[in-house]
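# Structural overview
Listed below, chain by chain, are the residues.
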Amino acid sequence: MSSTALHVVTGKGGTGKTTVAVALALALAGRGQRVLVCEVEGRQGIAQLLDVAPLPYEERRVASGLGGGEVFALAIDAESALLEYLDMFYRLGRAGKALDKFGVIDFATTIAPGVRDVLLTGKVYEIARRRGEKKDTGPQYDAIVIDAPPTGRITRFLNVSTEVAGLAKVGPIRRQSDSVTAMMRSDSTRVHLVTVLEEMPVQETLDGIAELTAAELPVGHVVVNLVRDALLDEAAASAIDEGSLDAEAVGAVLSSAGLDGSTATTLVAEGRGHLERQALQAAQRALLAESDARTAELPLLDGVDLGSLLDLAGRLREQGVA
Amino acid sequence: MSPSKSRTAPAAGRPRSQGRVVASRDAAGHLDVDALIHDRSVRIIVCCGSGGVGKTTTSAALAMRAADAGRGVCVLTIDPARRLAQSMGLTELDNTPRAVAGAGADGGSLDAMMLDMKRTFDEVVESHATPEKAAQILNNPFYQALSSSFAGTQEYMAMEKLGQLHGQDEWDLIVVDTPPSRSALDFLDAPERLSSMLDGRFIKLLLAPAKGPARLLSAGFGLVTGAINKILGAQVLSDVQTFVAAFDTLFGGFRQRAEATYALLQAPGTAFLVVASPEPAAMREASYFVERLAGDRMPLAGLVVNRVHDDVTDGIELDEARAAARRLRGAGETETQVAELLDVHVERLITAAREQRERDGFARAHPGVPQVPVTALSTDVHDLEGLRRIGDLLARTGTPQG
Ligand SMILES: Nc1ncnc2c1ncn2[C@@H]1O[C@H](COP(=O)(O)OP(=O)(O)OP(=O)(O)O)[C@@H](O)[C@H]1O
Ligand SMILES: Nc1ncnc2c1ncn2[C@@H]1O[C@H](COP(=O)(O)OP(=O)(O)OP(=O)(O)O)[C@@H](O)[C@H]1O
Ligand SMILES: [Mg+2]
Ligand SMILES: [Mg+2]
């Protein structure tokens, strides 16, 4: 591999972006890759998920020994990125500190629209271009996974050069943003959208795909998360629909198995509820299928720990996301 | 229950403080939402919570129920989903409350509006500055960025609008939705962030770089402005300077108004409802928020646990259901189908137990804060009927599915 692959994970809030980003990093590492997973929103979601100390502005190894690969994690914040940037380009050692003292950094990164995003993505760009220790060894990381902002903001976040177009016409921020945008649009980048099978998130996902496509940003997979497995097979489903599997029939089986037959009514009602939810899921799945995007599905697990992350990682690999 | 003083100070090993709790519980110990909306001394209800938990839905449903119960209600919604907005007649974005057709009974009525933050900001500027000065501010690129995209402007303007609506004195209950921010705390903190930015040292320096003690810093200041010009381009800084000079005389008024609204939130006629989904992150946020309300002496009504899935407690128990499913599977056609039904039951029990754990955890940390669960409906809530159903669930007078 000659360049660092970039996986951007977006999605509606709370659908599982952080979980999927980390699972994807583990999946890639499982293929023997050296992977960096970054977060950019100052929430320490990765650290919480992996149950490690808060991540600094410095890459830390968080997992290794999975099929020979390694996962590093990094929390990128705009303030540190700006200080680092000033230091690199202007050798603003002391003046950089002065900037901090005047509250300028806060000011510049929150007020000038787009500057924050350029700083965050600029850091990713810098890392993606790094080479390994030895000469000619290729990139330092095989892949970078970004736990990115939600769908509503993702296009602006990745398409930074448009965002800062109104700002400085020349100068380093402008140059930087053009390079970042070029990287985001390149073949080595994939933007994955995490969703759940509900109305609003699915609609947002479809809108997001259209927006990304219009901005020439490469859409990767739609990762459908929190999928509830079908527990009733076709025979049971139609038996409930037709009414042949009713309280009486169920009650008889329960009694013969030594259980309380009077709970049959509840069980049948629960079965109907399950079928109804499955039908709603299916309807949303059909909507997603109308877009061209490839999809992968992850089940709703009972809690998320390292074991379940590895389970999700395996499923992402099987479905070709990693 | 009457509002009482802050009960217990936070102490190790003790339940954490929950400050003033203003609502009562029903016979089953749940938050009594009907008692809250029938209490005419309650004039403002604020629905807070982390992103996507159901703040907008809860505020609209609550406002609807209060109007149906005879109160003159105004609901201030923020970014409602398109279909919900349409069903409430919120098609015109004119930043003023409009009557919702089909809502209200017993002399009650419902007006609804959705916040237009930029317009609210513009209107404040226009009403506090001379026309020339207002025009100068409104046309300033920096102002335009600030009023349409600064993180915190929405919260600030929600507070501003609440202050305005309250001042109009046309409604006897105002229900307030809060912006879709990550953390519920943003609603309380963001206005302060914006105003301290506008009031900040840096802005002061921009205004008068060579006066008073700032003179001593002016060498450093030159470096700073130099760096900003290099990075952002000189235009940005000069836009900011123009804006700050024009805005300076308005600033005091802005701050005063924000402070007045903040005080309104602490007043006895206000009640906060915290909304959370039964998941660790949302419940953690709810917990922080409850503690913060206590710290700020803001009156709390209780916690709405929204989108609870499987509120099952009856039927066959978990282990028994699992064992029976194992025995029955493959023993015959109907037996296998019953085994599958038992699988469904087991899944529901597991979900219910997980959600209950979250609710119990919160209850242990905040024993004085009443909760009410709201079942997840099988579809989105996007019409008045849906809002009424959520209202029924909030007041525990309805059945989950229909
Ligand atoms: N497949 C899954 N099975 C069970 N729980 C899951 C699964 N995926 C995510 N979760 C849980 O759902 C919640 C939200 O997930 P996560 O934090 O990854 O979402 P997010 O999109 O990053 O949220 P935010 O928008 O707040 O950053 C977490 O509690 C997580 O443990
Ligand atoms: N009890 C419920 N059952 C089913 N759907 C619900 C329920 N409560 C809310 N929803 C749906 O969940 C979605 C999010 O709800 P809502 O918009 O009220 O959340 P919010 O907290 O206001 O979100 P944001 O933080 O984005 O403003 C909506 O589509 C709404 O219809
Ligand atoms: Mg996250
Ligand atoms: Mg909302």
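None of these values were measured; they are calculated from a predicted model.

Here we take up the overall build of chain A. Along chain A, the regular secondary structure elements total 14 helices and eight strands. Taken across its 322 residues, chain A has 53% of its residues classed as buried. Within chain A, counting contacts between residues at least 6 apart in sequence, those at least 24 apart form 72% of the total. Total accessible area on chain A stands at roughly 13900 Å², and carbon and sulfur atoms take up 49% of it.

The next subject is the pattern of salt bridges. All names here are of chain A. The final tally for this structure, using the stated rule, is 29 salt bridges over all chains. Its salt-bridge partner being Glu-84, residue Lys-123 comes within 3.1 Å of it at the nearest N-O pair. You can see Lys-123 sitting in helix α6 (residues 115-129) and its partner Glu-84 sitting in helix α3 (residues 78-90), a full 39 residues away along the chain. You can call Lys-123 buried: its relative accessible area is 7%. The network of salt bridges with common partners includes Glu-59, Glu-84, Lys-123, Glu-126 and Arg-130.

Moving on to a negative patch on the surface. Taken together, the side chains of Asp260(A), Glu317(B), Asp319(B) and Glu320(B) present a region of like negative charge at the surface. Relative to the assigned elements, Glu317(B) resides in the loop between β7 (300-308) and α13 (318-328).

On to the site of ligand 2. Taken together, 19 residues sit near ligand 2, with Gly52(B), Lys55(B), Thr56(B), Thr57(B) and Leu377(B) positioned nearest. Residues near ligand 2 are shared among chains A and B, making this a multi-chain site. Between Lys55(B) and ligand 2, the recorded distance is 2.7 Å, taken from a side-chain N or O atom to an oxygen atom. One of the side-chain N or O atoms of Thr56(B) is found 2.7 Å from an oxygen atom in ligand 2. Expressed as a share of its isolated accessible area of 630 Å², the protein-covered part of ligand 2 is 91%. At the level of elements, α2 (55-68), β7 and β8 (371-375) of chain B are the ones that each hand at least two residues to the shell around ligand 2. The leading source of residues in the shell around ligand 2 is α2(B), at three residues. For the shell around ligand 2, the class distribution of residues is eight nonpolar, eight polar and three charged.

Turning our attention to the sheet that holds strand β8 (residues 294-299) of chain A. Residue and element names in this part refer to chain A. Spatially, β3-β4-β2-β5-β1-β6-β7-β8 is the arrangement adopted by the eight strands of the open sheet, whose pairing is mixed. Strands with a single pairing partner mark the edges of an open sheet, and in this sheet they are β3 (60-66) and β8. Neighbour-to-neighbour, the strand axes of this sheet turn through a mean angle of 20 degrees, independent of strand direction. Seen against the sheet, helix α13 (residues 264-289) touches β6 (189-195), β7 (219-227) and β8 and runs at an angle of roughly 180 degrees to β7. Against the sheet, helix α14 (residues 306-318) touches β3, β7 and β8, its axis set at about 155 degrees to β8.

Residues and elements named next belong to chain A. With respect to burial, β6 is a largely interior element, six of its seven residues being buried. Inspection of the sheet shows strand β1 (residues 5-11) paired to β6 by six bridges, in the parallel sense. Bridge pairing in β6 links Gly-11 to Val-194. Both β6 and β7 contribute to a ladder of four bridges, which runs parallel. Within β7, the residue paired with Leu-193 across the bridge is Val-222.

This part takes up the site of ligand 1. Residues in contact with ligand 1 amount to 15 residues; listed here are only the nearest, Gly14(A), Lys17(A), Thr18(A), Thr19(A) and Arg43(A). At the site occupied by ligand 1, the surrounding residues belong to chains A and B. Separating an oxygen atom of ligand 1 from a side-chain N or O atom of Arg43(A) is a distance of 2.7 Å. Every element with two or more residues in the shell around ligand 1 is listed here: α1 (17-29) and β7 of chain A. Counting residues per element, the shell around ligand 1 draws most heavily on α1(A), at three residues. Across the shell around ligand 1, the residue classes break down as five nonpolar, seven polar and three charged.

Turning to its location among the elements, Glu192(B) is positioned in helix α8 (residues 186-198). Residues Glu192(B) and Glu155(B), 37 residues apart in the sequence, show an inter-C-alpha distance of 9.8 Å.

We now examine the nonpolar core. In terms of nonpolar packing, the biggest core is built from 103 residues, with Met88(B) and Leu110(B) touching the most fellow members. Sort the elements by how many residues they give to this core and helix α11 (residues 234-266) of chain B lands first, with eleven residues. Residues within four places of Met88(B) in sequence aside, it is in contact with Ala60(B), Val75(B), Val100(B), Leu110(B), Ala112(B), Leu384(B) and Leu387(B). Among the nonpolar cores identified, the runner-up in size contains 47 residues, and Leu82(A), Val160(A), Met184(A) and Val202(A) belong to it.

Our next topic: helix α12 (residues 280-295) of chain B. Over its 16 residues, α12(B) extends 23 Å from the first C-alpha to the last, a length consistent with the 22 Å expected when each residue adds 1.5 Å. Every buried residue of α12(B) is listed here: Ala282(B), Met283(B), Glu285(B), Ala286(B), Ser287(B), Phe289(B), Val290(B), Leu293(B) and Ala294(B).

We now examine the packing of α13(A) against helix α14 (residues 333-365) of chain B. For the pair α13(A) and α14(B), interaxial distance at closest approach is 9 Å and the crossing angle is 80 degrees. With respect to their mutual orientation, α13(A) and α14(B) come out roughly perpendicular. Between α13(A) and α14(B), the residues in contact are Leu267(A), Val268(A), Glu270(A), Gly271(A) and His274(A) and Leu341(B), Leu342(B), Val344(B), His345(B), Glu347(B) and Arg348(B), respectively. Per-class residue counts for the contact of α13(A) with α14(B) are five nonpolar, three polar and three charged.

To continue, consider unusual backbone geometry. Located in the positive-phi region is Asp51(A), a residue other than glycine, with phi close to 60 degrees. Inspection of the secondary structure assignment puts Asp51(A) in the loop between α2 (45-50) and β3. The backbone of Asp169(B) shows a phi angle near 55 degrees, a positive value even though the residue is not glycine. Summarising the element assignment, Asp169(B) is placed in the loop between α7 (153-168) and β5 (173-176).

Criteria and thresholds
Residues numbered from 1 in each chain as written. Chains lettered and ligands numbered in written order. Predicted model: local features only at pLDDT ≥ 70, side-chain atom pairs only at ≥ 80, totals over all residues. Heavy atoms only, no water. Helix = DSSP H or I, 4+ residues; strand = E, 2+ residues; numbered from the N terminus. Buried < 20%, exposed > 50% of the residue type's maximum accessible area, 1.4 Å probe, protein only. Contact = heavy atoms within 4.5 Å. Areas by Shrake-Rupley, 256 points an atom, 1.4 Å probe, with all protein chains shown as cover. Salt bridge = Lys/Arg side-chain N within 4 Å of Asp/Glu carboxyl O. Patch = residues over 30% accessible without salt bridge, like charges linked within 9 Å, V, L, I, M, F, W, Y side chains within 5 Å. Lys, Arg positive; Asp, Glu negative; His and termini not counted. Charge placed at Lys NZ, Arg CZ, Asp CG, Glu CD. Near = heavy atom within 4 Å. Polar contact = N/O pair within 3.5 Å; in protein donor to acceptor, adjacent residues only side chain to side chain. Nonpolar A, V, L, I, M, F, W, Y, C, P; charged D, E, K, R; others polar. Pairing = 2+ DSSP bridges. Axes fitted to C-alpha atoms, helices over the stretch in contact; angles between N-to-C directions. Core = buried A, V, L, I, M, F, W, Y, C linked by side-chain atoms within 4.5 Å. Expected span 1.5 Å × (residues − 1). Parallel < 35°, antiparallel > 145°, perpendicular 65-115°, else oblique.

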